[in-house]
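Results of the structural survey
Spelled out, the chains give:
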Amino acid sequence: MRKFALTAIAAAFAITSFSASSQAAGNAPVPAAQEWSWNGLFGTYDRAQLQRGLQVYKGVCAGCHSLKYIAFRNLTDIGFNEDQVKAIAADYDIEDGPNEEGEMFSRPGIASDYFPSPFPNDQAAAASNGGSIPPDLSLMTKARVNGPDYVFGLLTGYEEEAPEGFDLAEGKHYNHYFPGHQISMAPPLYDDAVEYTDGTPATIEQHAHDVVAFLNWTAQPELEARKSMGMKVILFLIVLTAMLYALKRKIWSDIEH
Ligand code: HEC
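Conventions adopted
- Residues numbered from 1 in each chain as written.
- Predicted model: local features only at pLDDT ≥ 70, side-chain atom pairs only at ≥ 80, totals over all residues.
- Heavy atoms only, no water.
- Helix = DSSP H or I, 4+ residues; strand = E, 2+ residues; numbered from the N terminus.
- Contact = heavy atoms within 4.5 Å.
- Near = heavy atom within 4 Å.
- Polar contact = N/O pair within 3.5 Å; in protein donor to acceptor, adjacent residues only side chain to side chain.
- Phe/Tyr/Trp six-rings, centres within 6.5 Å; stacked < 30°, edge-to-face > 60°.
- Buried < 20%, exposed > 50% of the residue type's maximum accessible area, 1.4 Å probe, protein only.
- Core = buried A, V, L, I, M, F, W, Y, C linked by side-chain atoms within 4.5 Å.
- Axes fitted to C-alpha atoms, helices over the stretch in contact; angles between N-to-C directions.
- Parallel < 35°, antiparallel > 145°, perpendicular 65-115°, else oblique.
- Nonpolar A, V, L, I, M, F, W, Y, C, P; charged D, E, K, R; others polar.
- Donors = N, O, S within 2.8 Å, 3.2 Å for Na, K, Ca; no water.
- Tetrahedral: all angles 85-135°; square planar, octahedral: opposite > 155°, others 65-115°.

Let's talk about the overall build of the protein
- Within the protein, the regular secondary structure consists of eight helices and four strands.
- Ordered by position in the sequence, the α and β elements of the protein form the string α-α-α-β-β-α-α-α-β-β-α-α.
- By sequence separation, contacts in the protein at least 24 residues apart represent 61% of the contacts at least 6 residues apart.

Digging into the site of the ligand
- As a matter of local geometry, the ligand sits amid 21 residues, with Cys61, Cys64, His65, Tyr150 and Met185 nearest to it.
- The side chain of Arg144 places a nitrogen or oxygen atom 2.8 Å from an oxygen atom of the ligand.
- Here an oxygen atom of the ligand and a side-chain polar atom of Tyr150 are 2.5 Å apart.

Some remarks on the packing of aromatic side chains
- Scanning all chains against the criterion turns up 10 aromatic pairs.
- Centroid distance Phe72 to Tyr92: 5.2 Å. Interplanar angle 40°. Geometry classified as tilted. Here Tyr92 lies in the loop between helix H3 (82–90) and strand E1 (93–96) and Phe72 lies in the loop between helix H2 (47–59) and H3, a separation of 20 residues in the sequence. With respect to burial, Phe72 and Tyr92 carry one shared label: buried.
- Ring geometry for Tyr92 and Phe115: centres 5.7 Å apart, planes at 80°, overall edge-to-face. In this pair, Tyr92 is assigned in the loop between H3 and E1 and Phe115 in the loop between strand E2 (105–108) and helix H4 (122–128), connecting sequence segments 23 residues apart. Each member of the pair, Tyr92 as well as Phe115, is classed as buried.
- Put simply, the rings of Tyr57, Phe72, Tyr92, Phe115, Phe214 and Trp217 pair up and form one aromatic cluster.

Re the environment of Gln55
- Secondary-structure assignment places Gln55 in helix H2.
- Overall, Gln55 belongs to the partly exposed group, its relative accessible area being 22%.
- Measuring from C-alpha to C-alpha, the distance between Gln55 and Asp210 comes to 9.0 Å, with 155 residues separating the pair along the chain.
- Discounting residues that sit within four places of it in the chain, Gln55 has contacts with Val194, Glu195, Tyr196 and Thr197.
- Separated by 2.9 Å, the side chain of Gln55 and the backbone oxygen of Glu195 make a polar contact.

Remarks on the nonpolar core
- In this structure, Tyr57, Phe72, Leu75, Phe115 and Phe214 are the most contacted members of the largest nonpolar core, which totals 45 residues.
- A total of seven residues in this core trace back to one element, the largest contributor, which is helix H7 (residues 204–219).
- Setting aside anything within four residues of it in sequence, one finds Phe72 in contact with Val85, Ile88, Ala89, Tyr92, Ile94, Ile110, Ala111, Asp113, Tyr114, Phe115 and Pro116.

A closer look at the packing of H2 against H7
- In the contact formed by H2 and H7, the axes pass within 7 Å of each other and the chain directions differ by 100°. By the criterion of interaxial angle, the relationship of H2 to H7 is roughly perpendicular. On H7, the residues that touch Gln49, Leu50, Arg52, Gly53, Leu54, Val56 and Tyr57 of H2 are Gln206, His207, His209, Asp210, Val211, Ala213, Phe214 and Trp217.
- Looking at side-chain class alone, the contact of H2 with H7 contains eight nonpolar, five polar and two charged residues.

Examining the environment of Glu224
- With respect to the secondary-structure elements, Glu224 resides in helix H8 (residues 223–252).
- Measuring from C-alpha to C-alpha, the distance between Glu224 and Trp38 comes to 8.2 Å, with 186 residues separating the pair along the chain.
- Polar contacts involving the side chain of Glu224 include one to the main-chain amide nitrogen of Tyr45, which spans 2.6 Å.

Here's the deal with the coordination of the iron atom of the ligand
- All of the protein donors around the iron atom of the ligand are His65 (NE2) and Met185 (SD); their distances to the metal are 2.0 to 2.1 Å.
- Taken together, the six donor atoms coordinating the iron atom of the ligand span angles of 84 to 179° at the metal, a pattern that classifies the geometry as octahedral. Pair noted here: His65 is in the loop between H2 and H3 and Met185 is in the loop between strand E4 (182–183) and H7, with a separation of 120 residues, a long-range link.
- His65 sits in the buried class, given a relative accessible area of 10%.

Here it is in structure tokens:
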């Protein structure tokens, strides 16, 4: 039994150190940990921040990146009412069809539509972006190690010039956090890239924090429900333990000891 336990511990060690070293194998530096509103046991999303992040996505990222797993009606989750959702959806042209003549047609979006992709197909996306396809952003913060910190680092980690001796390919940009440092995405953010409706000063860092918060919601919309369920389970276990302890004392109280 003891031998088994030791082997299990050794195996766990081997697995964790292997995954740590495979992360370190990429030559990109580890992004600094940011303070996110959803960190910690009681952390929740900040609705105002998510709405600002949506503004950044719509105003900047949506030009190149799709968000194909998010429907407009999901936006009620971040504090919009149904009329607001309808208005946001109606801003988009959605391809629909075929109609009775067999033609595809375009119509204003409705709440049950999904965010449309900026390009009709991957070839068009690659042709507009120097051969690289901008990936869908719906699940991005889950798809990368330390996703939120990494995407924040990526958005704020551009350098005007590559360091001396770095061979930057034509059409690529030097980014501190992108693995290999050469990225096809030009720096997407600049001060006042969007004008926030709530008057928040629109610096690059503010844009980056807000859009990452929004993208973390698109990747983990269930995060708050999951945390509150976790708290309920812990509370239940505490109460159950107290009751079992009281019961045990009651049962043993007649017995001499
Ligand atoms: C002009 C087009 C364009 C815009 C605007 C743009 N991107 Fe990109 N983005 C790209 C391209 C192209 C790539 C693929 C880069 C590569 O593989 O070299 C990319 C890649 C990414 C990646 C993936 C990096 C990785 O680790 O693979 C993230 C995350 C990202 N973009 C986030 C954003 C966010 C957030 C915004 C809005 C603030 C944005 N992008 C705006 C073109 C764009």
